[in-house]
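One letter stands for each residue in the lines below.
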Amino acid sequence: MAEFFAMGGYGFYVWWSYAVAAIVVIAEIVSVRARRKSTLEEARLLQPETFATAATGGAR
Amino acid sequence: MNLFKYSSPATFYPLAGKMIPWFAVAAAILAAIGLYVGLFVAPTDATQGEAYRIIFIHVPTAWMSMFIYLVMAFWSALALGFNTRLSAMMAQSLAPTGALMTFIALWSGAFWGRPTWGTYWAWDARMTSELILLFLYFGIIALRNAIEDTRRADRACAVLTLVGVVNIPIIYFSVHWWNSLHQGATISLTKAPKMAAMMLTGMAIMALAAWFYTIAVSFSRVRSIMIERERDSAWVSALPEVRHG
């Protein structure tokens, strides 16, 4: 196990390569999901039902 | 069969939505297998010891950095040639992923270079042109953000993408054309590969994982782009996720 993490003495270089790749991938997935969420929220706000509800003071 | 059935945002949106989970799961499984092969199965390198295992990150992402750009150039050519919206949206959705692949390739390459060549960086042809590729991706993204009018932005980014595509063969053939610190191609279309079978297998699986990941992520991004750009249209209003929330 210790040998695995040591990677023959090159552990620093190997694991920082893998770690940055993982961080970047996770960051992109989070970013894409956040964009979808905010896009859908904004699109919902523009729907006529929203305006109708607001115009009638909350009742439909 | 109508080949152009899915060439509009309204028809491609649901298709892309159905495809994303398949590609995402496939990418995750392939990555798990690829990492297992790369870290546990592939033998130790005779010259570099365990340091070479960075190859399973570096080469797939470097391949993807170039391939994504070529796909962007393809969509850009279609967008300019046929003035289609979806082609431009596809190009737009790929740029961030391409930039990130390029960054990972550059970073992992630097961390591979330090123990093996003695330096994190050198201004040789391949590394410099890959860095230029990163700047191109950033430039395309920045140009899109800088232009208010969406269709003008589509055209400007398409032109910039196509102008920059000359960089891709430069990156690829640089090790052949110039004296380079970076090693020559190990894998060729015509000759047998000069590396151990399990090393090649690990690289191939990780490359496929990266490709499927790219598809999943860019399809999700393009669906958001479609809604953002077409939010006044009927088909967006009719979407269940927009109507009901």
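Everything in this summary refers to the structure shown in the same document.

Structural notes on the overall build of chain A
When helices and strands are counted, chain A shows three helices and zero strands. For chain A, the α and β elements follow one another from N to C terminus as α-α-α. Here chain A, with 60 residues, has 15% of them falling under the buried criterion.

Quick word on the overall build of chain B
A count of helices and strands for chain B gives nine helices and zero strands. From first element to last, N terminus to C terminus, chain B shows the α and β order α-α-α-α-α-α-α-α-α. For 245 residues, the compact-globule estimate of 2.2 N^0.38 gives 18 Å, and chain B sits close to it at 20 Å. Principal-axis analysis of the C-alpha atoms places the extent of chain B at approximately 60 × 35 × 35 Å.

Description of the interface of chain A and chain B
Counting residues at the interface gives 22 residues for chain A and 30 residues for chain B. For the side of chain A that touches chain B, the per-class residue count stands at 14 nonpolar, four polar and four charged.

Side note on the environment of A:F5
All names here are of chain A. Turning to its location among the elements, F5 is positioned in helix α1 (residues 2–6). For F5, a count of 9 C-beta atoms within 10 Å puts it in the exposed group. Along the primary structure F5 and W15 are separated by 10 residues, whereas in three dimensions their C-alpha atoms are 8.0 Å apart.

So, the packing of helix α2 (residues 11–45) of chain A against helix α3 (residues 85–117) of chain B
Running from N to C, α2(A) and α3(B) cross one another at 170°; their axes reach a closest spacing of 9 Å. With respect to each other, α2(A) and α3(B) are oriented roughly antiparallel. Here A:Y13, A:W16, A:S17, A:V20, A:A21, A:V24 and A:E28 of α2(A) lie close against α3(B), whose contacting residues are B:T97, B:L100, B:F103, B:I104, B:W107, B:S108, B:F111, B:W112, B:R114 and B:P115. Among the residues making up the contact of α2(A) with α3(B), the classes are represented as 12 nonpolar, three polar and two charged.

Structural notes on the nonpolar core
Within soluble globular proteins, side chains that are nonpolar tend to cluster in buried spots. The biggest cluster of nonpolar side chains holds 74 residues, and the ones touching the most others in it are B:A27, B:I54, B:A91, B:M206, B:A209, B:F212 and B:A216. Of all elements in the fold, only α2 of chain A together with α1 (9–41), α2 (55–82), α3, α4 (125–146), α5 (150–164) and α7 (197–229) of chain B reach the threshold of two or more residues within this core. Looking at this core element by element, the count peaks at 17 residues for α7(B).

Here we look at α2(A)
Counted at 1.5 Å a residue, the expected span for α2(A) with its 35 residues is 51 Å, and the 50 Å between its end C-alpha atoms agrees. For α2(A), the elements touching its buried residues are α2, α3, α7, α8 (234–237) and α9 (240–243) of chain B.

Topic: the environment of B:A10
Residues and elements named next belong to chain B. Among the secondary structure elements, A10 is positioned in helix α1. Taking the number of C-beta atoms within 10 Å as the measure of exposure, A10 has 16 and is therefore partly exposed. The sequence separation of A10 and A234 amounts to 224 residues, and the corresponding C-alpha distance is 9.4 Å.

Brief notes about α4(B)
Residues and elements named next belong to chain B. Taking 1.5 Å per residue, 22 residues should reach 32 Å; α4 reaches 30 Å between its end C-alpha atoms and fits that length. Every buried residue of α4 is listed here: A125, R126, M127, E130, L133, L136, Y137 and I140. Structurally, α4 contributes buried residues whose contacts are with α2, α3, α5 and α6 (167–177).

Here we look at the packing of α3(B) against α7(B)
Residue and element names in this part refer to chain B. Closest axis-to-axis distance for the α3/α7 pair is 8 Å, and the angle between their directions is 130°. As judged from the angle between their axes, α3 and α7 are oblique. Handedness of the α3/α7 crossing: right-handed. On the side of α3, the interface is formed by M89, M90, Q92, S93, L94 and T97, while α7 contributes T214, V217, S218, R221, V222, I225, M226 and R229. Class assignment of the residues belonging to the contact of α3 with α7 gives a composition of seven nonpolar, five polar and two charged.

Calculation notes
Residues numbered from 1 in each chain as written. Chains lettered and ligands numbered in written order. Predicted model: local features only at pLDDT ≥ 70, side-chain atom pairs only at ≥ 80, totals over all residues. Helix = DSSP H or I, 4+ residues; strand = E, 2+ residues; numbered from the N terminus. Buried ≥ 20, exposed ≤ 12 C-beta atoms within 10 Å, placed from the backbone. Rg over C-alpha atoms; globule rule 2.2 N^0.38 Å. Contact = placed C-beta atoms within 7 Å. Nonpolar A, V, L, I, M, F, W, Y, C, P; charged D, E, K, R; others polar. Axes fitted to C-alpha atoms, helices over the stretch in contact; angles between N-to-C directions. Parallel < 35°, antiparallel > 145°, perpendicular 65-115°, else oblique. Core = buried A, V, L, I, M, F, W, Y, C linked by C-beta atoms within 7 Å. Expected span 1.5 Å × (residues − 1). Left-handed = near helix turned anticlockwise from the far one by under 90°.

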